[in-house]
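One-letter residues, chain by chain:
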Amino acid sequence: MTVSISGTDGVTFNDNSVQTTAATGFGFKNRLINGNMALSQRATSATVTAGTAVPTSSTGYPCVDRFFVYSTGANVTAAQVAGAGATQYRLQITGAASVTAVGVGQRIEQKNSYDMAGSTATLSVDLANTLLSTVTWTANYATTADTFGTIGTPTKTQIATGTFTVTSTVTNFSAQISIPAAATTGVEILLTVGAQTSGTFTVGNIQLEKGSTATSFDYRPYGTELSLCQRYYFKILPASGSQAFGVGFNDSTTATRAVAQFPVVMRTSPTALEQSGTAADYQIRFTGGAATTCSSVPTFSDSNPYTATFIFTVASGLTGGQASLSRSTNSTAFLAWSTEL
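Residues numbered from 1 in each chain as written. Predicted model: local features only at pLDDT ≥ 70, side-chain atom pairs only at ≥ 80, totals over all residues. Heavy atoms only, no water.

Engineer: What am I meant to see in the sheet that holds strand S15 (residues 233–236) here?
Structural biologist: The strands making up a sheet associate through hydrogen bonds between their backbones, and the pairing can be parallel or antiparallel. The strand order across the open sheet built from three strands is S15-S24-S18, with neighbouring strands paired in antiparallel fashion. The strands lining the two open edges of the sheet, one partner per strand, are S15 and strand S18 (274–275). (Pairing = 2+ DSSP bridges. Helix = DSSP H or I, 4+ residues; strand = E, 2+ residues; numbered from the N terminus.)

Engineer: I keep staring at the sheet that holds strand S19 (residues 282–286) and nothing clicks. Help me out?
Structural biologist: If you walk across this open sheet you meet the seven strands as S20-S19-S23-S16-S17-S22-S21, and the pairing is antiparallel. Every interior strand has two partners, whereas the edge strands, strand S20 (291–293) and strand S21 (296–303), have only one. Between one strand axis and the next, the sheet turns by 30° as a mean value, whatever way the strands run. (Axes fitted to C-alpha atoms, helices over the stretch in contact; angles between N-to-C directions.)

Engineer: Explain the packing of aromatic side chains here, please?
Structural biologist: Note on aromatic pairs: each is described by the distance of the centres and the angle between the planes. This structure, assessed with the given rule, holds 11 aromatic pairs. Here the aromatic rings of Phe245 and Tyr282 are separated by 6.0 Å at their centres, their planes lie at 40°, and the arrangement is tilted. Residue Phe245 is located in strand S16 (residues 244–250), and its partner Tyr282 is located in strand S19; the two are separated by 37 residues in the primary sequence. Its relative accessible area of 0% is what places Tyr282 among the buried residues. Here Phe310 and Phe312 contribute two aromatic rings whose centre-to-centre distance is 5.6 Å and whose plane-to-plane angle is 50°, an arrangement assigned as tilted. When its relative accessible area of 0% is taken as the criterion, Phe310 is described as buried. The exposure class assigned to Phe312 is buried, which follows from its relative accessible area of 0%. Grouped by ring-pair contacts, the aromatic residues Phe234, Phe245, Phe262, Tyr282, Phe310, Phe312 and Trp337 constitute a single cluster. The ring of Phe68 is capped by Arg107, whose NZ or CZ atom sits 5.2 Å from the centre of that ring. Directly above the ring of Phe334 sits Lys235, whose terminal nitrogen or CZ lies 4.2 Å from the centroid. (Phe/Tyr/Trp six-rings, centres within 6.5 Å; stacked < 30°, edge-to-face > 60°. Buried < 20%, exposed > 50% of the residue type's maximum accessible area, 1.4 Å probe, protein only. Lys NZ or Arg CZ within 6 Å of the ring centre and 35° of its normal.)

Laid out in structure tokens, this is it:
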């Protein structure tokens, strides 16, 4: 016999300690990843360069994981900031003179939104703006699977749009969205404001769930949320000192080829390697414990959703065929791969 206890927020626990929700019938009700803005693998703050040729796999995602940010007219700053009460973090955009528009959004891949087609969904979000009083929300679906285009050249179809009247005090808002049967190709949620020429635009605890009622925010364990984010972006950054990136072998006296294992299966095969700094931030360690500083920054070789291969180059001194270890020389050099939508 199964005994169920229902709470006031629609959450049910059965005698096997399995949590479900009235809105979805299972846990993980929030289809947006990192909606509480807790993960920021790239940076805790960054400048957003004005323009509409974003987002792409490698640009347009400045700081908080999974959320792209854009502006027109002038650059803005995006940052992970402290929240209040039970909310640890929020995403905040700081305006600047000449800004004409700002947008914050997330794209949900087809595999995580397919079942929402033909149903009612609810968007809920914490918002505040110290300058403007209107935030526009828009839901879109991709023209083809997981292909939304850029802000300036979109390949998506609008599902619905509406507005929230906001103040400088963070307040929770919600809206119901009828998702059409054709929306089986991925869903985008976009929040936009107009001329944010000063002040701040704050977003937090954003959630998209099946059902016509906004339920409590779906707080997932930090490690779980990190794994969900790493499907789209993975960064190896030293915790302190130097950091090993991967084991490989020397192709020649000047180059070593190394492999990094992704912690989760990425959405697709990454097509580029991100790195920081200069050649001096990277080195190769080889037989006998000797180490040689690189003569150029690491380069991309090839990848699949499970692993990536990259090349470290030195001026001389390697022995072809020997095993080697690629690593950083300091605590700021990193390697990263992206498969963002």
